[in-house]
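Working through the structure, step by step
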Amino acid sequence: MNEDNCAALLPELWEHIFSFLPNEEDLINCRKVCLSWAGILEKLPPPQIWTPFFSKQHTAEAMLTFRNTCGTLLESKEDLFTFLIEVEKRPPAHRKSNPFINSTLILNWRSARGYHGLHRELLSLVRQHGNHVHKLLYFIHEFVPQSMESIPEILKNMCNLRSLIIFCPKSDYKLITSRFRFPELPKLKHFGELEILGMDNIFLLKLLVNQYGPQLRSLSYWDSEPIGIPNDWRVIVRVCPNLENLKILNYRGRGISSGQFENIQFPLALKRFAYKSYSEENQDSYGEDFNAVMNVAAKFSTTLETMTLYVKVVSEDGIEFALFNIPEFPRLKELSIPFSFVRSSILPQLLGRLGNVGKLIFLDTEDNFQNRLVGKEELDQIFQGLWTQIPSSMEEISIRSRQLNKELRRHFPVYHKCSNSIRVQ
Amino acid sequence: MALVRVISSDGAAFLVSQRLAKRSGKLKTEIETFRKSSDNSEAQPEIRIVTIRAEILRLVLQWLQQHQNDPVLPANQNEQDGRGDAEMGQSQWDRDFLAPMDLGIVMELILAANHLEVKGLLDITCKLVESKITGRTVDEIRTAFKLKSDFKGNEEEQTRLENRWCVEN
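The sections below set out a description of the structure shown in this document. (Residues numbered from 1 in each chain as written. Chains lettered and ligands numbered in written order. Predicted model: local features only at pLDDT ≥ 70, side-chain atom pairs only at ≥ 80, totals over all residues. Heavy atoms only, no water.)

**Overview of the overall build of chain B**
Helix and strand counts for chain B stand at 8 helices and 3 strands. Each helix and strand of chain B, ordered N terminal to C terminal, gives the series β-β-α-α-β-α-α-α-α-α-α. Counting only residues that meet the buried cut, chain B has 41% of its 169 residues in that class. Considering only contacts in chain B between residues 6 or more positions apart, those separated by 24 or more positions represent 64%. Total accessible area computed for chain B in this model is approximately 9,200 Å², and 47% of it derives from carbon and sulfur atoms. (Helix = DSSP H or I, 4+ residues; strand = E, 2+ residues; numbered from the N terminus. Buried < 20%, exposed > 50% of the residue type's maximum accessible area, 1.4 Å probe, protein only. Contact = heavy atoms within 4.5 Å. Areas by Shrake-Rupley, 256 points an atom, 1.4 Å probe, with all protein chains shown as cover.)

**So, the pattern of salt bridges**
Residue and element names in this part refer to chain B. In the structure shown here, the tally under the stated rule is 13 salt bridges over all chains. The shortest N-O distance in the salt bridge between Lys127 and Glu130 comes to 3.0 Å. One end of the pair, Lys127, and the other, Glu130, are both in helix α6 (residues 119–131), 3 residues apart, so they sit about a helical turn from each other. Exposure remark for Lys127: the relative accessible area of 29% places this residue in the partly exposed category. On the accessibility criterion, Glu130 (5% relative accessible area) is buried. Across the pair Arg142 and Asp139 runs a salt bridge, and its minimum N-O distance is 3.3 Å. Of the two residues, Arg142 and Asp139 both sit in helix α7 (residues 138–145), 3 residues apart, roughly one turn of that helix. (Salt bridge = Lys/Arg side-chain N within 4 Å of Asp/Glu carboxyl O.)

**Some thoughts on the sheet that holds strand β3 (residues 46–48) of chain B**
All names here are of chain B. The 3 strands lie next to each other as β2-β1-β3, forming an open sheet whose pairing is mixed. Here the strands that pair on one side only, and so sit at the sheet edges, are β2 (13–17) and β3. Here the average twist between neighbouring strands, direction ignored, is 25°. As judged from the 5 bridges shared by strand β1 (residues 3–7) and β2, these two strands associate in the antiparallel manner. If you follow Arg5 over to β2, its bridge partner there is Leu15. Across the sheet, helix α2 (residues 25–37) touches β1 and β3, and the angle it forms with β3 is around 130°. Its contacts with the sheet put helix α3 (residues 54–66) on β1 and β2, and the angle it makes with β2 is roughly 10°. (Pairing = 2+ DSSP bridges. Axes fitted to C-alpha atoms, helices over the stretch in contact; angles between N-to-C directions.)

**Some words on the nonpolar core**
In this structure, Leu136, Leu194, Leu219, Phe273, Phe362, Phe383 and Leu386 of chain A are the most contacted members of the largest nonpolar core, which totals 92 residues. In terms of residue count, the dominant contributor to this core is helix α12 (residues 202–212) of chain A (7 residues). Those residues in contact with Leu219 of chain A that sit more than four places away from it in its chain are Leu194, Leu205, Val209, Ile236, Leu243, Asn245, Leu246 and Lys247 of chain A. One finds Cys34 and Ile40 of chain A together with Leu27 and Phe97 of chain B within the second-largest nonpolar core, a separate group that totals 56 residues. (Core = buried A, V, L, I, M, F, W, Y, C linked by side-chain atoms within 4.5 Å.)

As structure tokens, this is what we get:
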């Protein structure tokens, strides 16, 4: 083909072409093709990436999700007014175009002061430009009931919303719930992804799930009850029959009582499941034992493709759990478990149940590999015995750790990889 | 039947009915402009399209001919646009029409459809290009579109990281 044609195609046309891509993977690939494509894709709605991992500290995770998401970030009165002025300044021809970076709006008012008097401006912004928002990150302030009450009004003006992330920090939430009722929530045709960050928000989750449950594909929330408590689960499971991705952070880690779970019917055909449990007192101790989580996973083990478990393999007294009832995971392609599993006797048993797994990831939960290089020799030594036990389908074993980027003063995930093909050579 | 002469960048003239030509947003505007500026209401409009060569213009007109009885799609779907959910009524005829074209021709056709404001044709051609991206690796995409990576250092890896939902702290 004529080489000039690609370049001759206006960015708007590429945008049009990319907008047909239904698959996140393809969009991510396109971002990597060249700088100009990456630039064009920045303006498009963000791909909905479901990450199966949890960060080290849960509150930091919530805040960083807000700060580091690529989008239009409004954190104060000044931010909002500056933004409105900029939007007004645009030439008439562009007035109607998308003013939001990445079609994403991040409303992150952390101080109660910021809210007061802003309500009207905020709603007017949303009324004018809300249709361009595909992803909304929304901070609910526990002392400002208005921030909660305006959710239906905000959503009503975001007809193209695909994904909603709400952060409501631990609070005396009854103060809010007792004061407000959601009027009817609007219908959102494209909505499919809900993430609720913060403690004690199950009531909020229920409110939203009652309306949007059937269309949800991804759901992520924090839970204080063990996942074995049937009531909350029944509600969520019953009204979200189309869930593919489920991610739960249990911050009180009281342990699952395995027996209760037997009674719950799972209509779910989950493809991805991520579960982390820990107690607030000790973030490194995972409250739930492996058996209990396996009991849960057994309910959707035949459809599962990715599973991530931050659970413990050794009890408080240092005794390794005996395993029973590990289900078969015929479609599982990727499994992530804490690094402590590497020397446990559970691992071979577990691996025996995974027919087609291709990737095994050890989570560096104890920071053994953080901020340093891990050489081939070291990896070989760690995984030495492992390669003989794993299914032949396994392509890659890796350790997922983190690395400090000094300039950005932020940790990024790093993988220390050991791949089967390299090893054989 | 009122006719209009549409002339390509390389000088080839196509004589088509105004009814057909008006299915292109651009040609419709041009015809109306001509009407207003011309004293003689019987005069035959002549429109020069300086950016589209004969081969491509012929294809556009051919597509319009085939689809002349379709409902006109709204050019601007901004209010309720949907990513990846555009309902594409791609007929067998369309598939046969696009099948022999190489990517270069398709790209030219996209430009032409965009310039002439023919929404339906723009959609099927864009969809075709999209199908050359779906499921391909980054290198395959680069090869197909003859693009070169111009990322420096670890920018490529950074793109990946920045697009993760939760960044580790």
